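Chain residues, written in single-letter form:
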Amino acid sequence: MSPRIKPNLTDNALAVLKKRYFKKDSKGNPVEDAEAMFLRVAENIASADTLYDKNADVSKTTEEFYNMMASLEFLPNSPTLMNAGRDLQQLAACFVLPVEDSIEGIFEAIKNAALIHKSGGGTGFSFSRLRPNNDKVKTTSGISSGPVSFMKVFNAATEAVKQGGTRRGANMGILRVDHPDIKEFIMCKDNNNELTNFNISVALTDEFMQAVKKGEKYKLINPRNGEITGEEDARAIFELIIYQAWKNGDPGIIFIDRINKDNPTPSEGEIESTNPCGEQPLLPFEACNLGSINLDQMLTKDNKIDYKKLAAIIKKAVHFLDNVIDVSKYPLPKIEDMVRKNRKIGLGIMGWADMLVCMGIPYNSEDAIKLAEQLMKFIHDEAEKASIELAQKRGVFPNYENSIYKNKNKELRNATLTTIAPTGTLSMIAGCSSGIEPLFAVAYTKTVMDNDKLPEINKHFLSIAKKQGFYSDKLMMKISEKGYLTGMDEIPEDIKRIFVTAHDIEPVWHIKMQASFQKYTDNAVSKTVNFKNTATVEDVRNVYNLAYELGCKGVTIYRDGSRDSQVLSVSIKGDNTTIQQEEISGKKDKIEPRTRPQITFGQTIKMKTGCGNLYVTINEDENGLCEVFTTMGKSGGCAAAQSEAISRLVSVALRAGVKPEIIIKHLRGIRCPAPAWQEGGIVLSCPDAIGIALEQYLHNKNGNVEKFNFKKNFDQKLIGETCPECGATLEHEGGCNVCRVCGYSKCL
């Protein structure tokens with residue numbers, strides 16, 4: 001038996017584990033460390049062996065599972081780490097629920113989703129069965145309100161459950177492109193404040209894609225009765241999807257016919273939806289059980305792939321994931337039944353960018369694309385061998401006789417084996433790059449106590465910099481401020497070529513990489529195609545077309561900064577869809593603030609901050625708000641100077657015609673190391689306090705009789721693309737947002 005490994009974790013990893021994963025007492029204090037957590041999980045998962053062999057050596061399996069996790073060579077999905085061996089014992093990450101075309105069916109799905117969110121899972125829904133807006137409702141002689149209206153009900157229910165839980169509810173909403181309400185669905189997240197608990201994707205059919213290619217119209221079908229209700233120009237709808245994705249990242253797309261072509265159990269029904277990040281297509285009432293191998297740990301000393309070690313880990317990981325199915329508790333009996341009949345698992349990878357760096361292969365190169373295909377084929381082949389071996393001992397999955405494998409004479413334990421999921425939080429724990437994504441940054445700045453800034457450097461880059469003699473503290477800080485190496489003459493060209501980051505890479509390479517991994521992945525590949533802010537709608541169109549041509553099952557894109565501003569608008573009138581340039585006031589002429597009036601009136605609001613009491617005076621004249629100035633209690637120095645600077649800039653903006661609500665939006669949510677509490681909520685910083693004071697002033701001015709409560713009036717997640725918990729920049733990967741500084745994940 002191998003000696004028990006002591007986990008070697010970074011400070012960042014430990015912080016994430018303490019905050020989100022360790023078992024805690026009634027006061028919220030951790031009562032286990034990393035070693036105890038991994039042992040808790042290993043013992044629980046290994047116990048499933050006795051279901052098939054009463055004499056199984058569970059202690060040996062426990063040690064194997066423990067060492068595999070403690071060495072950070074493999075990690076299961078977050079719910080398994082959090083819940084295995086605890087009362088909840090809900091170990092699956094994501095679920096798909098059907099939404100039937102009736103009030104009873106809709107609210108049954110909402111109830112079931114609430115139970116899943118409460119247990120820590122995410123949910124995927126297809127709303128394609130729902131009759132369209134203004135369609136007949138026989139039982140009431142009324143008309144229906146359509147899928148999008150009900151999505152808002154699902155969103156509100158998720159918000160309510162999220163407020164009382166420890167994990168965030170995450171949803172995927174999907175609508176077929178041939179649904180009569182497809183335009184409304186495509187536009188439903190045009191406003192970033194709408195459906196904030198949903199990712200959305202359009203299910204594109206092969207028929208639709210062919211119509212796009214030929215410039216033809218396609219039919220819209222009422223799901224209530226199968227009748228054709230009209231036609232749409234395929235290219236116009238495709239352009240609308242592309243434009244909205246360019247604008248703010250939603251909707252994504254999935255190729256639904258391609259997904260169903262790979263459905264291993266078609267007799268059980270069609271696949272309609274995926275999990276929230278899109279990598280796991282599932283039948284109604286199925287759940288996904290995922291885990292990832294850390295490729296950064298699968299290299300020899302001379303930086304070659306250690307295929308022998310990789311094969312051994314794959315075999316153990318398949319064993320582990322199959323056991324998870326048996327020991328997990330499920331929120332609904334129907335889910336338990338479906339999961340155990342198909343026994344789907346999703347073994348994936350993380351640390352791909354780290355592996356390439358160590359091997360000296362640029363991410364955006366044909367060598368990397370070829371290696372991706374070769375590596376994934378090996379992983380899938382070995383996983384298949386392990387599943388066949390398990391089937392010989394434990395039996396094939398119960399739905400095997402009606403599966404596609406029966407005719408292929410492949411006796412598998414699991415209906416699917418491989419999935420490449422986003423691994424934002426897991427990769428933080430493992431200290432490696434996320435999934436198959438490129439490096440998001442070579443370095444970033446981390447703010448610690450007393451507002452000191454320290455550079456966090458990629459470990460491989462740090463090692464090379466020291467070995468090759470170009471390391472200096474000054475250079476590392478410079479890199480951490482930019483995040484990437486482009487344009488830095490101090491760095492050798494060959495090193496810059498290897499340490500390429502997400503925004504340095506042309507979008508076509510993202511799609512090529514996704515397609516290479518997809519070729520030998522049973523389920524799907526979660527990947528974000530990152531675009532620079534200057535990317536055009538045509539760039540997005542090219543990526544979507546290439547993804548279809550190369551065999552991807554879906555695409556998620558994110559254009560840097562696209563959720564912060566709007567320069568185009570979409571107009572939908574009847575059958576015509578147009579995308580037009582929006583005139584921006586003041587683009588040609590310089591904006592000058594109006595002269596400060598001689599007489600103003602207003603009020604002063606006292607705010608508690610971490611720097612002391614801040615008195616915010618807000619004045620207006622006959623034209624509206626015109627002035628803000630601040631006084632900082634007994635404190636002075638930088639805090640007072642910065643508050644005065646902010647108030648002067650706010651005053652200039654107000655007199656230049658900027659809406660107060662816009663100013664509030666940009667001030668609210670800014671954090672400092674010393675937040676303060678006062679009645680109504682938490683004040684995160686002095687800028688946040690000024691934003692709250694402005695908000696309160698407007699609240700009172702508008703004659704609201706309700707007591708002002710700024711905690712309820714503000715939703716931090718809507719401010720820019722910064723982490724709502726620490727204010728650092730979020731990474732967009734695999735259809736999810738993650739923070740490398742504090743471990744926040746939208747899809748945890």
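We now turn to the structure provided with this report. (Residues numbered from 1 in each chain as written. Predicted model: local features only at pLDDT ≥ 70, side-chain atom pairs only at ≥ 80, totals over all residues. Heavy atoms only, no water.)

A separate point is the sheet that holds strand β14 (residues 290–294). Sheet architecture is open: three strands sit in the order β1-β14-β15, paired in mixed fashion. Both outer strands of the open sheet, β1 (74–76) and β15 (346–350), are each paired with one neighbouring strand and no more. Neighbour-to-neighbour, the strand axes of this sheet turn through a mean angle of 25°, independent of strand direction. Here β14 pairs with β15 via five bridges, running parallel. Bridging across to β15, S292 finds its partner in G348. (Pairing = 2+ DSSP bridges. Helix = DSSP H or I, 4+ residues; strand = E, 2+ residues; numbered from the N terminus. Axes fitted to C-alpha atoms, helices over the stretch in contact; angles between N-to-C directions.)

This paragraph deals with the packing of aromatic side chains. Under the counting rule described, the total for this entry stands at 18 aromatic pairs. Residues F65 and F320 carry aromatic rings whose centres are separated by 5.0 Å and whose planes lie at 70° to one another, so their mutual orientation is edge-to-face. Taken as a pair, F65 in helix α3 (residues 58–70) and F320 in helix α11 (residues 307–327) lie far apart in primary sequence, 255 residues in all. The burial state of F65 is the same as that of F320; both residues are buried. R258 extends its terminal NZ or CZ atom over the ring of F255, reaching a point 5.3 Å from the ring centre. (Phe/Tyr/Trp six-rings, centres within 6.5 Å; stacked < 30°, edge-to-face > 60°. Buried < 20%, exposed > 50% of the residue type's maximum accessible area, 1.4 Å probe, protein only. Lys NZ or Arg CZ within 6 Å of the ring centre and 35° of its normal.)

Looking now at the pairing of strand β18 (residues 528–531). Of the two faces of β18, the one lined by T528 and N530 and the one lined by V529 and F531 are each fully buried. When β18 meets strand β19 (residues 554–559), the two strands line up parallel, connected through four bridges. Its bridge partner lying in β19, T528 is registered against T556. With helix α21 (residues 537–550) bridging β18 and the parallel β19, this β-α-β connection has right-handed handedness. (Right-handed = clockwise from strand over helix to strand, strands pointing away.)

Note that T419 resides in the loop between α15 (405–408) and α16 (424–430). Look at T419 and you get buried, because its relative accessible area is 1%. At 2.7 Å, the side chain of T419 forms a polar contact with the side chain of Q280. For T419, the side chain forms a polar contact with the side chain of N523, separated by 2.7 Å. The contact partners of T419, leaving out residues within four places of it in the chain, are E279, Q280, L290, I345, G346, L347, G348, T521, N523 and A524. (Polar contact = N/O pair within 3.5 Å; in protein donor to acceptor, adjacent residues only side chain to side chain. Contact = heavy atoms within 4.5 Å.)

Here S433 shows up in the loop between α16 and β16 (443–447). Each C-alpha atom of the pair S433 and W352 lies 6.7 Å from the other, and the pair is 81 residues apart in sequence. Excluding residues that lie within four positions of it along the chain, S433 makes contacts with M350, G351, W352, A353, D354, S427, L439 and R740.

With respect to the helices and strands, the residue R655 is situated in helix α22 (residues 637–655). One buried charged residue, R655, forms no salt bridge at all, with the nearest opposite charge on E627 at 5.1 Å. Looking at R655, its side chain comes within polar contact range of the main-chain oxygen of C626, at 3.0 Å. Once you skip the residues sitting within four places of it in the chain, R655 turns out to touch P593, R594, T595, R596 and C626. (Lys, Arg positive; Asp, Glu negative; His and termini not counted. Salt bridge = Lys/Arg side-chain N within 4 Å of Asp/Glu carboxyl O.)

Together, D206, E207, D257 and E270 line one region of the surface with negative charge. Given the relative accessible area of 32%, D206 is considered partly exposed. (Patch = residues over 30% accessible without salt bridge, like charges linked within 9 Å, V, L, I, M, F, W, Y side chains within 5 Å. Areas by Shrake-Rupley, 256 points an atom, 1.4 Å probe, with all protein chains shown as cover. Charge placed at Lys NZ, Arg CZ, Asp CG, Glu CD.)

Let's shift gears to unusual backbone geometry. For the bond from D250 to P251, the omega torsion is 5°, close enough to zero to count as cis. As for its position among the elements, P251 is in the loop between α9 (234–248) and β10 (252–255). Even without a glycine there, the phi angle at F285 is positive, about 70°. Following the sequence through the fold, F285 ends up in the loop between β12 (281–282) and β13 (287–288).

Here the focus is the sheet that holds strand β23 (residues 612–621). Ordered by their spatial adjacency, three strands build an open sheet running β22-β23-β24, and the pairing between neighbours is antiparallel. At either end of the open sheet lies a strand with only one pairing partner, and these are β22 (601–609) and β24 (624–632). For this sheet, the mean inter-axis angle between neighbouring strands, taken without regard to orientation, is 20°. Strand direction decides the pairing type here: β22 and β23, joined by nine bridges, are antiparallel. The residue of β23 that forms the bridge with T604 is T617. Contacting β22, β23 and β24, helix α24 (residues 686–701) runs over the sheet at an angle of about 140° to β22.

Our next topic: the pattern of salt bridges. According to the stated counting rule, one finds 41 salt bridges in the structure shown. For K183, the salt bridge identified is with E232, shortest N-O distance 3.7 Å. A residue pair is termed long-range when its members are at least 10 positions apart, and K183 in helix α7 (residues 182–186) and E232 in strand β9 (residues 228–233) qualify at 49 residues. Notably, a salt bridge pairs R668 with D688, separated by 2.8 Å at the nearest N-O pair. Here R668, found in the loop between α23 (660–667) and β25 (676–678), pairs with D688, found in helix α24; they are 20 residues apart in sequence, far enough to count as distant. Grouping residues by exposure puts R668 and D688 together as buried. Bridged by salt links that share partners, the residues D49, D322, D326, R343, R394 and R413 form one connected network.

Applying the stated rule across the entire model yields one disulfide. Linked covalently through their sulfurs, C94 and C288 form a disulfide whose S-S length is 1.7 Å. Linking C94 and C288, the disulfide has an S-S dihedral of approximately 85° and is accordingly described as right-handed. Taken together, the residues C94 in strand β2 (residues 94–97) and C288 in strand β13 connect sequence positions 194 residues apart. For the pair C94 and C288, one class covers both residues: buried. (Disulfide = S-S within 2.5 Å.)

Inspection of the sheet shows strand β8 (residues 217–221) paired to β9 by five bridges, in the antiparallel sense. Residue pairing across strands places Y218 opposite E232, the latter belonging to β9. Between β8 and β9, which pair antiparallel in sequence order, lie six residues; one of them, G226, sits at a positive phi of approximately 75°.

Structurally, the position occupied by P687 is in helix α24. Remark: the alpha-carbon pair of P687 and I670, spanning 17 residues in sequence, is separated by 6.6 Å. When near neighbours in sequence (up to four residues on either side) are disregarded, P687 contacts I646, L667 and I670.

Moving on to the packing of helix α2 (residues 34–46) against α3. Between α2 and α3, the shortest axis-to-axis distance is 8 Å and the interhelical angle comes to 135°. Judged by the angle between their axes, α2 and α3 are oblique. Crossing handedness for the pair α2 and α3: right-handed. For the pair α2 and α3, the contacting residues are E35, F38, L39, V41, A42, E43, I45 and A46 in the first and V58, T61, T62, F65, Y66, M69 and A70 in the second. Along the lines of polarity and charge, the residues of the contact of α2 with α3 split into eleven nonpolar, two polar and two charged. (Parallel < 35°, antiparallel > 145°, perpendicular 65-115°, else oblique. Left-handed = near helix turned anticlockwise from the far one by under 90°. Nonpolar A, V, L, I, M, F, W, Y, C, P; charged D, E, K, R; others polar.)

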